[in-house]
Amino acid sequence: MRIKVINPNSTASMTAVIAAAARAAASHGTEIVAATAPCGPVSIEGHYDEAVSVIGLLEEIRSGERDGCDGYVVACFGDPGLLAAREAARGPVLGIAEAAMHAASFLATGFSVVTTLGRTRVIAEHLVRSYGMEHHCRRVRATDLAVLELDDPASDARAKILDACRRALDEDGSGAIVLGCAGMADLAADLQGELGVPVIDGVGIAVRFVEALCGLGLGTSKRGDLAFPIRKPFAGALADLAWRD
Ligand code: 2AL
């Protein structure tokens with residue numbers, strides 16, 4: 001089975017962190033193809049970044065279809081372009097936020113999300129509502145860390161994230177933590193050991209969910225709104241993204 005894990009931001013060092021988490025979670029025999037968006041923002045921290053990042057994401061989905069990928073993971077916690085990616089793919093496409101939140105709801109009656117900037121928290125709160133997770137998510141907590149600071153030892157990112165996790169357990173009454181950025185994937189095991197509750201990295205769990213769906217012969221429904229896009233010309237710089245069978 002070949003699963004393509006796409007970092008929709010254009011920072012290759014973050015893709016390396018994501019790829020390592022995906023490979024550590026994958027079953028024997030699963031090939032992880034890790035991709036970095038070929039264009040767009042170096043990090044995704046707002047609605048504008050998200051909108052622009054979807055172009056590179058869709059390019060990677062389309063090349064994945066040509067290369068015989070069985071399923072996909074959108075490795076950014078805003079799950080940008082998820083439904084558009086599903087239109088373009090035969091196999092399952094999972095976002096790390098939806099995968100992590102669903103997994104957390106299996107493991108605890110309440111969880112908290114620990115994410116990056118305050119403005120990014122609002123995006124996660126939207127997702128909580130659109131995934132129907134209001135009864136499970138007790139709070140989304142921002143750490144005021146920029147995405148690229150996660151990879152900067154001077155930012156003290158681990159300590160700030162650990163502090164937010166402890167507050168979530170004490171003040172929100174949560175029984176599990178969802179890490180709210182793909183760039184936190186390398187922290188999950190260590191934080192879980194320290195906190196003694198499930199700490200869920202969406203990259204690993206999304207890979208496992210894609211494996212489960214593909215293993216059962218399940219792919220994206222091609223009936224209705226997730227059918228392949230309608231063929232029509234696209235103008236200007238995006239002409240190559242026009243759908244062709
Ligand atoms: C993210 C993420 O996972 N990758 C990125 O560039 N921005 N989301 C976030 N909440 O910080």
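Residues numbered from 1 in each chain as written. Predicted model: local features only at pLDDT ≥ 70, side-chain atom pairs only at ≥ 80, totals over all residues. Heavy atoms only, no water.

Details of the packing of helix H6 (residues 157-171) against helix H7 (residues 188-195)
Alright, step 1. Close contact between H6 and H7 brings their axes to 11 Å; oriented N to C, the two are set at 45°. When the interaxial angle is binned, H6 and H7 end up oblique. Helix-helix and strand crossings are classified by hand; for H6 and H7 the assignment is right-handed. Of the residues in H7, those in contact with Arg158, Ile161, Leu162, Cys165, Arg166 and Leu169 of H6 are Asp190, Leu191, Glu194 and Leu195.
Alright, step 2. When grouped by side-chain class, the residues that make up the contact of H6 with H7 number six nonpolar, no polar and four charged. (Axes fitted to C-alpha atoms, helices over the stretch in contact; angles between N-to-C directions. Helix = DSSP H or I, 4+ residues; strand = E, 2+ residues; numbered from the N terminus. Parallel < 35°, antiparallel > 145°, perpendicular 65-115°, else oblique. Left-handed = near helix turned anticlockwise from the far one by under 90°. Contact = heavy atoms within 4.5 Å. Nonpolar A, V, L, I, M, F, W, Y, C, P; charged D, E, K, R; others polar.)

Thoughts on the sheet that holds strand S4 (residues 93-95)
Alright, step 1. Spatial ordering of the open sheet is given by S2-S1-S3-S4, a layout of four strands whose pairing is parallel. Lying at the two open borders of the sheet, with one neighbouring strand each, are strand S2 (31-36) and S4. Looking at each pair of strands side by side, their axes are set apart by 20° on average, direction ignored.
Alright, step 2. Here strand S1 (residues 2-7) runs beside strand S3 (residues 71-74); their pairing, made up of four bridges, is parallel. Among the inter-strand pairings, Ile6 is bridged to a residue of S3, identified as Val74.
Alright, step 3. Across the face of the sheet, helix H4 (residues 96-107) comes into contact with S3 and S4 while running at roughly 75° to S4.
Alright, step 4. On top of the sheet, helix H8 (residues 202-215) reaches S1, S2, S3 and S4; it is set at about 160° to S3, its chief contact. (Pairing = 2+ DSSP bridges.)

Here's the deal with the packing of H4 against H8
Alright, step 1. H8 packs onto H4 with a crossing angle of 85° between their chain directions and a minimal axis gap of 8 Å. It follows from the interaxial angle that H4 and H8 lie roughly perpendicular. Within the contact between the two elements, H4 uses Ile96, Ala99, Ala100, Ala103 and Phe106 and H8 uses Gly202, Val203, Ile205, Ala206 and Phe209.

Thoughts on the domain arrangement of the protein chain
Alright, step 1. Split into domains, the protein chain comes out as domain 1 (2-95 + 204-241) and domain 2 (97-202).
Alright, step 2. The C-alpha centroid of domain 2 is placed 22 Å from the C-alpha centroid of domain 1.
Alright, step 3. Across the contact, 27 residues belong to domain 1 and 31 residues belong to domain 2.
Alright, step 4. For the pairing of domain 1 and domain 2, the buried interface totals around 2000 Å² over both sides, and the portion due to carbon and sulfur atoms is 66%.
Alright, step 5. In this assembly, domain 1 and domain 2 are joined by one salt bridge.
Alright, step 6. Notably, a salt bridge pairs Arg86 with Glu98, separated by 2.5 Å at the nearest N-O pair.
Alright, step 7. Where domain 1 packs against domain 2, one counts twelve residue pairs in polar contact (both at pLDDT 80 or more).
Alright, step 8. A per-element tally of the side of domain 1 that touches domain 2 places helix H1 (residues 12-25) first, with five residues. (Domains from an automatic or database assignment. Buried area = accessible area lost by both parts, 1.4 Å probe. Salt bridge = Lys/Arg side-chain N within 4 Å of Asp/Glu carboxyl O. Polar contact = N/O pair within 3.5 Å; in protein donor to acceptor, adjacent residues only side chain to side chain.)

What about the pattern of salt bridges?
Oppositely charged side chains are able to pair whenever their charged atoms sit close together.
Alright, step 1. Tallied over the full model, the rule gives 14 salt bridges.
Alright, step 2. One salt bridge in this structure joins Arg167 and Glu171, with 3.6 Å as the shortest N-O distance. In this pair, Arg167 and Glu171 are both assigned in helix H6, four residues apart and thus about one turn of the helix distant.
Alright, step 3. Three or more residues are tied together by salt bridges with common partners; here these are Arg139, Arg141, Asp163, Arg167, Glu171 and Asp172.

Describing the pairing of strand S5 (residues 111-115)
Alright, step 1. In terms of residue burial, S5 counts as a mostly covered element, since five of its five residues are buried.
Alright, step 2. With five bridges joining them, S5 and strand S6 (residues 137-142) adopt parallel strand pairing. If you follow Thr115 over to S6, its bridge partner there is Ala142.
Alright, step 3. Of the crossover connections in this fold, the one passing from S5 over helix H5 (residues 118-130) to the parallel S6 is right-handed.
Alright, step 4. As defined by bridge partners, S5 adjoins strand S7 (residues 176-179) across four bridges and the pair is classed as parallel. The residue of S7 that forms the bridge with Phe111 is Ala176. (Buried < 20%, exposed > 50% of the residue type's maximum accessible area, 1.4 Å probe, protein only. Right-handed = clockwise from strand over helix to strand, strands pointing away.)

Considering the site of the ligand
Alright, step 1. Neighbouring the ligand are 13 residues, the closest being Asn9, Ile44, Thr116, Gly180 and Ala182.
Alright, step 2. In the model, an oxygen atom of the ligand is placed 2.7 Å from a nitrogen or oxygen of the Thr116 side chain.
Alright, step 3. Relative to its free-state accessible area of 290 Å², the ligand is covered by the protein chains to the extent of 99%.
Alright, step 4. For the shell around the ligand, the class distribution of residues is seven nonpolar, six polar and no charged. (Near = heavy atom within 4 Å. Areas by Shrake-Rupley, 256 points an atom, 1.4 Å probe, with all protein chains shown as cover.)

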